Amino acid sequence: MSIFSVLGASRSGRGPLAAALILAVPLALSSAARAADAATAAAPSATAAGQGFNPAVSLILSGGYSQLQRDPASWRLPGFLTGGDVGPGSRGFSLGESELALTANIDPAFYGALYLAASDAGVSVEEAYAQTTALPDGFTLKMGRFLSGLGYLNEQHAHAWTFVDAPLAYQAFLGGQRREDGLQLRWLAPTDLFLELGAEVGSGRTYPGADTARNGAGAWSLFGHTGGDVGANHSWRAGLSLLQAQPRGRASTGVDASGTTVTDAFSGRSRTWGVDAVWKWAPDGNGARRQLTLQGEWLRRSERGTLTHDVDGTAGSANTDAYRSTQSGGYLQAAWRWHPAWQVGLRQDWLRVGHTDAGSNTAALEATRGNPSRSSLLLDWSPSHFSRVRLQLAQDRSRTAALSGTDAGRSDRQLMLQYQMSLGAHGAHGY
Amino acid sequence: MTIVPFFPRVLRHLGAALFAWAALAPLTGAQAALRVVACEPEWAALTEELAGPLAQVYTATTAQQDPHQVQARPSLLAAVRRADLLVCTGAELEVGWLPLLQRQAANPAIQAGQPGAFEAAAQVSLLEAPTRLDRADGDVHAAGNPHIQTDPRRIAQVATALAKRLAELDAAHAADYARRHADFAQRWQAALARWERSAAPLKGLPIVVQHKGFPYLEQWLGLKEVAALEPKPGVEPSSAHLQAVLTTLQRQPARAILRAAYNDGRGAEWLAERTKLPVVVLPYTVGGSDAAKDLFGLFDDTLARLLKAVQP
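About the thresholds
Residues numbered from 1 in each chain as written. Chains lettered and ligands numbered in written order. Predicted model: local features only at pLDDT ≥ 70, side-chain atom pairs only at ≥ 80, totals over all residues. Heavy atoms only, no water. Salt bridge = Lys/Arg side-chain N within 4 Å of Asp/Glu carboxyl O. Buried < 20%, exposed > 50% of the residue type's maximum accessible area, 1.4 Å probe, protein only. Helix = DSSP H or I, 4+ residues; strand = E, 2+ residues; numbered from the N terminus. pLDDT = per-residue confidence, 0-100. Contact = heavy atoms within 4.5 Å. Pairing = 2+ DSSP bridges. Phe/Tyr/Trp six-rings, centres within 6.5 Å; stacked < 30°, edge-to-face > 60°. Lys NZ or Arg CZ within 6 Å of the ring centre and 35° of its normal. Axes fitted to C-alpha atoms, helices over the stretch in contact; angles between N-to-C directions. Parallel < 35°, antiparallel > 145°, perpendicular 65-115°, else oblique. Nonpolar A, V, L, I, M, F, W, Y, C, P; charged D, E, K, R; others polar. Patch = residues over 30% accessible without salt bridge, like charges linked within 9 Å, V, L, I, M, F, W, Y side chains within 5 Å. Areas by Shrake-Rupley, 256 points an atom, 1.4 Å probe, with all protein chains shown as cover.

Student: Got a sec to walk through the pattern of salt bridges? Specific residues and values, please.
Tutor: This structure, assessed with the given rule, holds 31 salt bridges over all chains. Salt-bridge contacts for Asp137 of chain B lead to Arg132 of chain B; the nearest nitrogen and oxygen are separated by 2.8 Å. For Arg132 of chain B, a relative accessible area of 48% corresponds to the partly exposed category. One salt bridge in this structure joins Asp300 of chain B and Arg194 of chain B, with 3.1 Å as the shortest N-O distance. With Asp300 of chain B in helix α11 (residues 295-309) and Arg194 of chain B in helix α7 (residues 174-198), this pair connects stretches of sequence that are 106 residues apart. Overall, the relative accessible area of 32% leaves Asp300 of chain B in the partly exposed class. When salt bridges that share partners are traced, they join Asp165, Arg347, Asp349 and Arg374 of chain A into one network.

What follows is the structure, encoded as structure tokens:
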């Protein structure tokens, strides 16, 4: 009882003297207390729960400079129906998203969080959710908008990623990073081995879904993660995910066989499987000083439905026919921290155009040769826990796979220099 | 309900498996002993002293790891999921990982404010509480310096509070905890008297520290901190700052350089080479050296290493 009654005493205005007296009673009863001299027996300090009842506030400022060999307007993943936030961004100096986070416990049963991203495009809600903290038997329920628990990178905020941008597979299959408006239920097994199962249902408005304008769920996903330690030096996590969406008229802007920029619309069923694995090695498990991280993910998507080619009739007239595709992609990356402030990374991205049957639209779709790929090199300098500057060099061979349109068959050398500064409440990053 | 027909068979099967598992979970989780997750090894050792076979203790970090910068690894989540009690330092030492574990471990018993969340730093007075909160001063902790485990008098105070907490959570064994605590307190008191006698030559000893992690040891033994290798808490020593420390030492000589087992040794070695000062690698917590096998060994070894460094 002592600590709570002491806090109560000092908050109700009786002051530290009363607090010291209350503390002195149980202490005096103990023989160990006699060991404590006046220097250590003062009133304990209050456990700060934010400031008053205000939520913890943190702010991420980010911005940077990009040197792109090819015009980013011509960037595309030939052979893929893309959507969401994809591409290498703009040339020259740019202000990135400034992220504001407000988080707090709501009551003994709920925790709430709001993440806003401000940019010239306006303010967007990155995440806004309430999450249970008191459900029994290892269950956690999240409601609102949240980053989907799929894969490994998807649930991390982009500023916590090792590399500046999302892997090509995330851009092609998850629109960069997937958010869902809906419900997420997770269950953590009561085992020594970490084992977590999760399920989500949501509106499915975000890519690879699209607005469905109907009741019920537009998308659902399932995921499982497992992991643990091997000795003191190694730790790992592996996962399996499945996402299914039912898009209606999902628009994708790309290039057609004649090189004209057109918009296609897909309706049907989109199913994506994902496998992810991370392995970390740090001498003595002290990753703050030296750490090697190996990670990889693989995504495979199959879509069945109908495709309306050139919905706006830009290159002729719209044509609708059956569409089936099975495509895949992934990345492998390694990051080596050799000093508390310095880290290097190497990433290889690849995509497989796979099999597409677009019926009478086949001839009108952009023809491809080979598959998009990308190699990236990263140098990261973090002088403190709160500041980070990173330089990424990449050879992007996305357009290399194209046969028509601007910059077809050309690779793109990219340099990205980015700063990320974290203000306010100390952030906690997951594994 | 339009959702249900939309779900394929696989989801329904998985859901059934999940609930079957959840129903069996209490059987597999049946455990007589109190499950304790200690954030740092010193609190694991203290819990073992106070609970003995009554508790099953999992230690989240080792003496070789920087407790400020631990990752919320899958193994830690699995351990916290089943814990009845978390014994942590608090005072924001674990702010980068503990709140995440509490939020993701789906365990109502160990949420902040519950009896299952014990903070050692809240049981004692803290030093170096900043008068202003500004990250320009480095990674400062609002409540004060959290590295309280280097003062055995404060450990005694934490022991009193922890014994009460254990008795509260496991009321059936309350008498056992009281008995074990009385026994520990008596042995600790005797050891403290012995340590204080042997530490007499250390009074007023001027020292250089790596991280501002020793104020409680300094207060207890009367050591005098002349300089710190980290220019600001949590900021790695720069060559310019080390040069400045060297200049300070010419004006204000020190007798030893102190660092914890988990610190990077390069800054201390650089300074030792130029000043001919001994580097004293203190165990800092239980497991930080071969001799620091328990809390008694921790202070025996800490004093032995300090005394050896100042021998004429």
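On we go.
Student: Describe the confidence of the model for chain B, and please don't skip the residues or the numbers.
Tutor: All names here are of chain B. The predicted model of chain B averages 90 in pLDDT, with 90% of residues at 70 or higher. Low pLDDT, under 50, characterises residues 1-7; the predicted model gives this stretch 11 contacts beyond four residues in sequence or across chains. Across the whole predicted complex the pTM is 0.86, and at the interface the ipTM reaches 0.86.

Student: So what's going on with the pairing of strand β3 (residues 85-88) of chain B? Residues and values would help.
Tutor: Residue and element names in this part refer to chain B. Because side chains alternate across β3, one face comprises the buried residues Leu85 and Val87, and the other comprises Leu86 and Cys88, equally buried. For strand β1 (residues 34-38) and β3, the ladder comprises three bridges, and the chain directions are parallel. Its bridge partner being in β3, Val37 is matched across the sheet by Leu86. Relative to strand β4 (residues 117-119), β3 runs parallel, the two sharing three bridges. Across the sheet, residue Leu86 finds its bridge partner in β4, namely Ala117.

Student: Kindly report on the packing of aromatic side chains, identifying the contributing residues and their values.
Tutor: Under the counting rule described, the total for this entry stands at 17 aromatic pairs over all chains. Judged by centre distance (5.9 Å) and plane angle (65 degrees), the ring pair of Tyr262 of chain B and Tyr284 of chain B falls under edge-to-face. Within this pair, whereas Tyr262 of chain B is found in the loop between β7 (256-260) and α10 (266-275), its partner Tyr284 of chain B is found in the loop between β8 (279-282) and α11, the two being separated by 22 residues in sequence. Of the two residues, Tyr262 of chain B and Tyr284 of chain B, both sit in the buried class. Taken together, the aromatic side chains of Phe184, Trp188, Trp195, Trp220, Phe296 and Phe299 of chain B make up a single cluster linked through ring pairs. Here the basic side chain of Lys142 of chain A rests over the ring of Tyr129 of chain A, its NZ or CZ set 4.4 Å away from the ring centre.

Student: An account of the packing of helix α3 (residues 41-51) of chain B against α7 of chain B is requested, with residue identities and associated values reported.
Tutor: Residue and element names in this part refer to chain B. Between α3 and α7, the shortest axis-to-axis distance is 7 Å and the interhelical angle comes to 120 degrees. By the angle class used here, α3 and α7 are oblique. When α3 is examined against α7, the residues Leu46, Glu48, Glu49, Leu50 and Ala51 are found in contact with a partner set consisting of Tyr177, Arg180, His181, Phe184 and Arg187. Partitioned by chemical class, the residues of the contact of α3 with α7 number five nonpolar, one polar and four charged.

Student: Describe a nonpolar patch on the surface, with residues and values.
Tutor: Residues and elements named next belong to chain A. Together, Trp338, Trp342, Val344, Leu379 and Trp381 give the surface a local cluster of nonpolar side chains, amounting to about 410 Å² of exposed area. For the nonpolar patch, the secondary structure elements donating two or more residues are β15 (342-357) and β16 (373-384). In this fold, Trp381 is placed in strand β16.

Student: Explain the sheet that holds β4 of chain B to me, and be specific about the residues and the numbers.
Tutor: Residue and element names in this part refer to chain B. In spatial order, the strands read β2-β1-β3-β4; together these four strands make up an open sheet with parallel pairing. At either margin of the open sheet sits one strand with a lone partner, and together these are β2 (55-59) and β4. Taking each pair of neighbouring strands and ignoring which way they run, the sheet shows an average axis angle of 20 degrees. Pairing geometry for β1 and β2, over five bridges, is parallel. By the bridge assignment for β2, Ala38 is matched with Thr59. This element, α3, spans β1, β2 and β3 of the sheet and lies at about 170 degrees to β2.

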